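# Working through the structure, step by step
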Amino acid sequence: MKLIGMMDSPYVRRTAISLALYGISFDSLKLSVFSDYQEFSGFNPAVKAPTLLTDDGVRLVDSSLILQYFETLAGAEKKLLPTAPAALARDTEIIGTILMAAEKTVQYVYEYRLRPEEKQYQPWVERVTGQLLQACRLWESQIAGHVPSDNPDQVAVTGTVVWSFIQLMIPQVVMKSEFPVLQAIAEHYEAQPVFLRFPQ
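I will try to describe carefully the structure that is included in this document. All values derive from a computational prediction rather than experimental measurement.

### Points about the sheet that holds strand 3 (residues 51–53)
One open sheet holds the four strands; their spatial order is 2-1-3-4, and the pairing between them is mixed. Each edge of the open sheet is held by one strand with a lone partner, namely strand 2 (27–29) and strand 4 (59–61). Looking at each pair of strands side by side, their axes are set apart by 20° on average, direction ignored. Pairing of strand 1 (residues 2–4) with strand 2 involves three bridges; the strand directions are parallel. Of the residues in strand 2, the one forming a bridge with I4 is L29.

Now the structure itself:
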């Protein structure tokens, strides 16, 4: 099994850490959708990260869909999401908020790193920045009172990798001092072996 993509992507990294927690063995092929475009296209012509190639030759894309598949296969002791409907809805709500923050961070980064300065559209940047900060505020409130454990679930995995990604890419926009709960939880999980195994 091969997981293709760079660990500086929160989507690739959440997939890698989750697969490890599920007990799934895989090879990590660290290919960039930018600098390794041609080589990446040999595994997925659409060049989408993460791409997972199963041992049966099936190509899976999109981190949430990949993880949904392996969550279905996981035994009760390996599941990263609750099975009770109310608890599952709650975790899904939080993960949705986290992924909104990830999406807006990527949009912000692409605007400044890929678009020439003279073509940057400030009303769009302001809109994305506002959405990102609102998502982080909502996320902080949703997990207030959460006590980190030594057994990360999917909220912990996704939250940690996305927060670390935000702090890596745009710490001047989303300041960790304004989100002490998110910062503390991420620090706790980033020190665990499975997170250290897949550094960003």
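### Comments concerning the pattern of salt bridges
Enumeration over the complete set of coordinates arrives at three salt bridges. Linking R90 and E93 is a salt bridge whose minimum nitrogen-to-oxygen distance equals 3.0 Å. Here R90 and its partner E93 are both found in helix 4 (residues 85–113), three residues apart, which amounts to about one turn of the helix. Exposure remark for R90: the relative accessible area of 37% places this residue in the partly exposed category. Across the salt bridge formed by E111 and R115, the nearest N and O atoms sit 3.1 Å from each other. On the basis of relative accessible area, E111 is assigned to the buried category, the value being 4%. For R115, a relative accessible area of 40% gives the class partly exposed.

About the cut-offs
- Residues numbered from 1 in each chain as written.
- Predicted model: local features only at pLDDT ≥ 70, side-chain atom pairs only at ≥ 80, totals over all residues.
- Heavy atoms only, no water.
- Pairing = 2+ DSSP bridges.
- Helix = DSSP H or I, 4+ residues; strand = E, 2+ residues; numbered from the N terminus.
- Axes fitted to C-alpha atoms, helices over the stretch in contact; angles between N-to-C directions.
- Salt bridge = Lys/Arg side-chain N within 4 Å of Asp/Glu carboxyl O.
- Buried < 20%, exposed > 50% of the residue type's maximum accessible area, 1.4 Å probe, protein only.

Keep in mind that these numbers describe shape and distance, not what the molecule does.
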